[in-house]
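Letter by letter, the chains look like this.
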Amino acid sequence: MLHKAIGIGLLSLLNLAHAGPSKPNILFIMADDHSKNAISCYGNKDIQTPGLDRLADGGMRFEHALTPNSFCTPARAAVLTGKYSHRNGVTHLNQEFDGSQRTFPKLLQAAGYATALFGKWHLLSEPTGFDHYCVMKMQGMAQDPTVWEKGETWVAWSPKDRKSAFKGGRKLIGYNNDVMTDEALGWIKNRDQTKPFCLLLHPKPPHAPYSPAKRYEDFLKDVVISEPATLLDDYEGRTPAAIAETMRSNRLLLGPPWQQLRKQLEKQNPGISRDELTRAIYQDYIKGYYRLVMGVDDNITRVLDYLEQSGLDQNTLVIYTSDQGFSLGEHGFYNKQWMYEPALHQPLIVRYPSKIKAGSVHESMVNHVDLAPTLLDFAGLPIPDDMQGYSLKPILEGRAEKVRDASYYHFYSHGENNLPEMIGVRTAEYKLIHYPGMDDAYQWELFDLKRDPDEMRNLYGNPEYSEVLEQMESELKLLIQSVGDPVKAPKLM
Ligand code: CA
């Protein structure tokens, strides 16, 4: 009898050890300004990103993961809350997030998860819902960044006082993303192992400045990088007022980071054309950007190695994404803030070996507001009714083909740089963009994404597309109503 009892006891212990905690660990990695087109598994031929490719090989890669508002602060708030900007209260850059509202880390923490946040925050108020945080305030330094941690008095940055927030903190010595990853891995190692964990790791790169890790300073130095087909876009037929000469924060030719280079080129080559200047600036820009991407990818490899070595890889759901996409020279741009495809799309890769088929690729549209519901769903928690996204768990488990037919976008004007407000809808085939602040003739853009994936021909007003336009206007109207956005789009109301 005794022998039998011990046998059963051992068996149950073994079963327990084998089963592990019932809820998955979550490792949520969100980089800053990472275009999916700068990742080799997404088709980039200029660089290799073995870390991200390895993640995609083991899970699902989304071709059409869209941001609802292509700017750092608002996009981050949408991810945390599962709500669009008008509902989570963060519509603009550098706007303070109301930390008393419900976020997915807060709900996971309440359900018994150990929660932590490392890296770039950019939501101004003190992070809430985390057992521990270790973040840079605002942009953070590329080298030897200062971090603020839980327990220290938090002073939020504000435009009226740009200094007090940066007092105190702890300086980490080394390249930003390397040392932040060290800190995050240290937290996993020392965590409370009786609980599942949810770790948010937010790399600063490939956000500017283009100061890479030392090991990448000469990367691609003597290589000529291929140019995107639309690098020398003249914007004819679209909304010229939206792409004004004053809009310095998007066009390579006018971009502040390259004005010194431009002056130097103009001095050395009298009469150099604007196109030639754009091409030369593009080479400088894209190499700087890729050098930062390599530093992101190295640390993905380190994290994946650690998960495997520690045996955590099987029960950890790993997500890689970015707050928004980025233009890699398409339309002569280098930034985000548009509703055009490069800024609208971010990478999204999800790996969870027991549930998600390795090496799968998903084509239908998903949105940043879907991430919070998805993570709650995987943790077995109810999704609050006021979250506006859809759980992607059925897609990830191969049980559903899509969660939406149309995706909503609302970018709020950003004054200093003359960036116009945009309200739009994208379906699998078409995109309609409304610029409420533009003159009547330039208020609308309609694109046929199948025939014109580079979005070079505005079809608004084209009689062949009158039915499509009607459908898209009605889609947009429906979306404005269903997400409850209090916008005024006269033609639609
Ligand atoms: Ca960003």
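Please read all numbers here as calculations on a predicted model, not as lab measurements.

### With respect to the overall build of the chain
- Scanning the chain from terminus to terminus reveals 12 helices and 15 strands.
- In terms of overall size, the chain behaves like a compact globule, its C-alpha atoms giving a radius of gyration of 23 Å where 493 residues would be expected to give roughly 23 Å.
- Looking at the chain as a whole, 58% of its 493 residues qualify as buried.
- Long-range pairs, those at least 24 residues apart, make up 67% of the contacts in the chain with a sequence separation of at least 6.
- As presented, the chain carries roughly 20,700 Å² of accessible surface, and 52% of it is formed by carbon and sulfur atoms.

### Points about the domain arrangement of the chain
- Structurally, the chain comprises domain 1 (23–216 + 290–402) and domain 2 (241–280).
- The C-alpha-based centres of domain 1 and domain 2 are spaced at 32 Å.
- Contacts between the two partners involve 10 residues from domain 1 and, on the opposite side, 12 residues from domain 2.
- Carbon and sulfur atoms supply 65% of the area that domain 1 and domain 2 bury against each other, a total of about 820 Å² over both sides.
- Broken down residue by residue, the surface that domain 1 buries against domain 2 is led by F333, Y334 and W338, which jointly contribute 63%.
- The interface formed by domain 1 and domain 2 contains 0 salt bridges.
- Viewed at the interface, domain 2 and domain 1 are joined by 6 residue pairs in polar contact (both at pLDDT 80 or more).
- Split into classes, the residues belonging to the side of domain 1 that touches domain 2 amount to 5 nonpolar, 4 polar and 1 charged.

### Brief notes about helix α10 (residues 371–378)
- Most of α10 is tucked away, with 7 of its 8 residues classed as buried.
- For α10, the complete set of buried residues consists of L371, A372, P373, T374, L375, L376 and F378.
- G380, located one to two residues past α10, shows a positive phi value of around 75 degrees.

### Observations concerning the sheet that holds strand β13 (residues 422–427)
- With antiparallel pairing, 4 strands are arranged side by side in an open sheet as β12-β13-β14-β15. Looking along the sheet, the strands with just one partner apiece sit at the ends: β12 (406–411) and β15 (444–448). Direction aside, neighbouring strands of the sheet carry axes that sit 10 degrees apart on average.
- In this structure, β13 lies alongside strand β14 (residues 430–434), joined through 4 bridges in antiparallel fashion. Bridge pairing links R426 to K431 in β14.
- Running over the sheet, helix α12 (residues 466–483) touches β12, β13, β14 and β15 and is turned about 115 degrees from β13.

### Describing the coordination of the calcium ion
- Protein coordination at the calcium ion comes from D32 (OD), D33 (OD), C72 (SG), D323 (OD), D323 (OD) and Q324 (OE1), with a distance range of 2.1 to 2.7 Å.
- Given 6 donor atoms and angles of 51 to 162 degrees at the metal, the environment of the calcium ion is assigned as irregular.
- We note that the donor set of the calcium ion lies within a single chain, spaced as D-D-x38-C-x250-D-Q. Residue C72 is found in helix α3 (residues 72–81), and its partner Q324 is found in the loop between β8 (316–322) and α9 (341–344); the two are separated by 252 residues along the sequence. Of the two residues examined, C72 and Q324, each falls in the buried class.

### A short note on the pairing of β8
- Within β8, 7 of the 7 residues are buried, which leaves the element mostly enclosed by the surrounding structure.
- One ladder, built from 7 bridges, connects strand β1 (residues 25–31) with β8; its direction is parallel. Residue I26 lies in a different strand from β8, and its bridge partner there is L317.
- Strand direction decides the pairing type here: β8 and strand β9 (residues 345–351), joined by 4 bridges, are antiparallel. Within β9, the position partnered with T321 by the bridge is L348.

### Considering the nonpolar core
- F28, F62, F104, L108 and L348 are the most contacted members of the largest nonpolar core, which has 43 residues in total.
- With 5 residues, the single largest contributor to this core is α10.
- The residues contacting L108, other than those within four sequence positions of it, are I26, Y113, C198, L376, A379 and L381.
- Within the second largest apolar cluster, 35 residues are counted, among which are C41, L185, L307 and V318.

### Focus on the pattern of salt bridges
- All chains considered together, the criterion is met by 27 salt bridges.
- The partner of R54 in a salt bridge is D305, with the nearest N and O atoms 2.8 Å apart. A residue pair is termed long-range when its members are at least 10 positions apart, and R54 in helix α2 (residues 50–57) and D305 in helix α8 (residues 274–309) qualify at 251 residues.
- Residue class for R54 comes out partly exposed when judged on its relative accessible area of 24%.
- You can call D305 partly exposed: its relative accessible area is 29%.
- Among the charged side chains, a network of salt bridges with common partners joins D32, R76, K120 and D323.

### Quick word on the packing of aromatic side chains
- Taken as a whole, this structure holds 22 aromatic pairs when the rule is applied.
- Ring geometry for W148 against F166: centres 6.1 Å apart, planes inclined by 65 degrees, an arrangement best described as edge-to-face. Of the two residues, W148 is situated in strand β5 (residues 146–149) and F166 in the loop between β5 and β6 (170–171); the sequence distance between them amounts to 18 residues.
- Residue W148 is classed as buried on the basis of its relative accessible area, which comes to 4%.

### Considering α12
- With 18 residues, α12 ought to run about 26 Å at 1.5 Å a step, and its terminal C-alpha atoms sit 26 Å apart, in line with that.
- Along α12, the positions that sit buried rather than exposed are V468, L469, M472, E473, L476, L479, I480 and V483. For α12, the angular spread of the buried residues around the axis is 135 degrees, confining them to a single face. The exposed set on the far side of α12, more than 90 degrees from its buried face, consists of E467, E470, L478, Q481 and S482.
- Elements that come into contact with the buried residues of α12 comprise α4 (85–88), β12, β13, β14 and β15.
- One or two steps after α12, the chain reaches G484, where phi turns positive at roughly 70 degrees.

### Considering the environment of S211
- Positionally, S211 belongs in the loop between β7 (197–202) and α7 (259–268).
- Through-space distance from the C-alpha of S211 to that of R302 is 21 Å; in sequence the pair is 91 residues apart.

So, how was this worked out
- Residues numbered from 1 in each chain as written.
- Predicted model: local features only at pLDDT ≥ 70, side-chain atom pairs only at ≥ 80, totals over all residues.
- Heavy atoms only, no water.
- Helix = DSSP H or I, 4+ residues; strand = E, 2+ residues; numbered from the N terminus.
- Rg over C-alpha atoms; globule rule 2.2 N^0.38 Å.
- Buried < 20%, exposed > 50% of the residue type's maximum accessible area, 1.4 Å probe, protein only.
- Contact = heavy atoms within 4.5 Å.
- Areas by Shrake-Rupley, 256 points an atom, 1.4 Å probe, with all protein chains shown as cover.
- Domains from an automatic or database assignment.
- Buried area = accessible area lost by both parts, 1.4 Å probe.
- Salt bridge = Lys/Arg side-chain N within 4 Å of Asp/Glu carboxyl O.
- Polar contact = N/O pair within 3.5 Å; in protein donor to acceptor, adjacent residues only side chain to side chain.
- Nonpolar A, V, L, I, M, F, W, Y, C, P; charged D, E, K, R; others polar.
- Pairing = 2+ DSSP bridges.
- Axes fitted to C-alpha atoms, helices over the stretch in contact; angles between N-to-C directions.
- Donors = N, O, S within 2.8 Å, 3.2 Å for Na, K, Ca; no water.
- Tetrahedral: all angles 85-135°; square planar, octahedral: opposite > 155°, others 65-115°.
- Core = buried A, V, L, I, M, F, W, Y, C linked by side-chain atoms within 4.5 Å.
- Phe/Tyr/Trp six-rings, centres within 6.5 Å; stacked < 30°, edge-to-face > 60°.
- Expected span 1.5 Å × (residues − 1).
- Arc of directions from axis to C-beta.

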